[in-house]
Amino acid sequence: MTKNVVGGLVLAVMAALVVGLGEFLGLDLQHVALLGAALGGVIGLVPDRAPWERLVGFGVGFVFAWIGFAVRAAVLPDSSGGRAVAAFLVLAACLVVSAATLTRLPLWSMLVGAAAIVGAYEETYTNAPSQFVHESPTAATTVLLAAALGYLATAFLGPQIAVNRRAEAAQTRHDETVSETAP
């Protein structure tokens, strides 16, 4: 429990640091600090697969969603139909990669990566789709910085959470066995 509290505090400090660094460096990090730190924290905390598999999955989903914005800007109409086609393509690509890797790259981490760029860039894209080439790299790098700090703040908690979940599962099985054998 103490580790979880410390990890949460470290994550909060990292999110505040992202905002402070953004102000100091003249970057527009304020609006993505919490988003990136939270999504990076999810990648660090969920004890499913090895850290490198979670990170690669995050990156794959991130790149697919970024490509989805490029396809929207270059080919698709700026309408709900265009957005629907792009969303379908991104999610289908993530699903194909997850299936092709036999879920070694978990689908959930790809979805988190896609959510990071969509959360950071969708509003900017909607305001000026023709500025994709100039504005999307800024959104991508800012949210990646925040996500990296969120991941670093929580990555050390993942193994402890996995141990706790296995202990909880063993306790549940033990409790079920005892209740089934009790008269």
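Please refer to the structure higher up on the page.
Below you will find a few notes about this structure.

The rules behind each value
Residues numbered from 1 in each chain as written. Predicted model: local features only at pLDDT ≥ 70, side-chain atom pairs only at ≥ 80, totals over all residues. Heavy atoms only, no water. Core = buried A, V, L, I, M, F, W, Y, C linked by side-chain atoms within 4.5 Å. Buried < 20%, exposed > 50% of the residue type's maximum accessible area, 1.4 Å probe, protein only. Helix = DSSP H or I, 4+ residues; strand = E, 2+ residues; numbered from the N terminus. Contact = heavy atoms within 4.5 Å. Phe/Tyr/Trp six-rings, centres within 6.5 Å; stacked < 30°, edge-to-face > 60°.

### What about the nonpolar core?
For step 1, the next point in the chain: Phe58, Phe62, Ile117 and Tyr121 are the most contacted members of the largest nonpolar core, which totals 36 residues.
For step 2, the next point in the chain: Of all the elements in the fold, those that place two or more residues in this core are α1 (2-25), α2 (30-45), α3 (51-74), α4 (80-100), α5 (107-127) and α6 (132-154).
For step 3, the next point in the chain: Looking at which element gives the most residues to this core, the answer is α6, with nine residues.
For step 4, the next point in the chain: Leave out the neighbours within four places in its chain, and Ile117 touches Phe62, Ala65, Trp66, Phe69, Glu122, Ala139 and Ala140.

### Quick notes on the packing of aromatic side chains
For step 1, the next point in the chain: One pass over the structure, following the stated rule, counts six aromatic pairs.
For step 2, the next point in the chain: When the ring of Phe69 is compared with that of Tyr125, the centres are 5.3 Å apart and the planes differ by 50°; the resulting orientation is tilted. Of this pair, Phe69 sits in helix α3 while Tyr125 sits in helix α5, placing them 56 residues apart in sequence.
For step 3, the next point in the chain: When the ring of Tyr121 is compared with that of Phe132, the centres are 6.2 Å apart and the planes differ by 65°; the resulting orientation is edge-to-face. Of this pair, Tyr121 sits in helix α5 while Phe132 sits in helix α6, placing them 11 residues apart in sequence. Just as Tyr121 is buried, Phe132 falls in that class too.
For step 4, the next point in the chain: Among the aromatic residues, those joined into a ring-pair cluster are Phe69, Tyr121, Tyr125 and Phe132.

### A word on the environment of Gly36
For step 1, the next point in the chain: Within the fold, Gly36 resides in helix α2.
For step 2, the next point in the chain: Judged by relative accessible area, Gly36 falls into the buried class, the value being 0%.
For step 3, the next point in the chain: Residues Gly36 and Ala120, spaced 84 residues apart in sequence, show a C-alpha to C-alpha distance of 8.2 Å.

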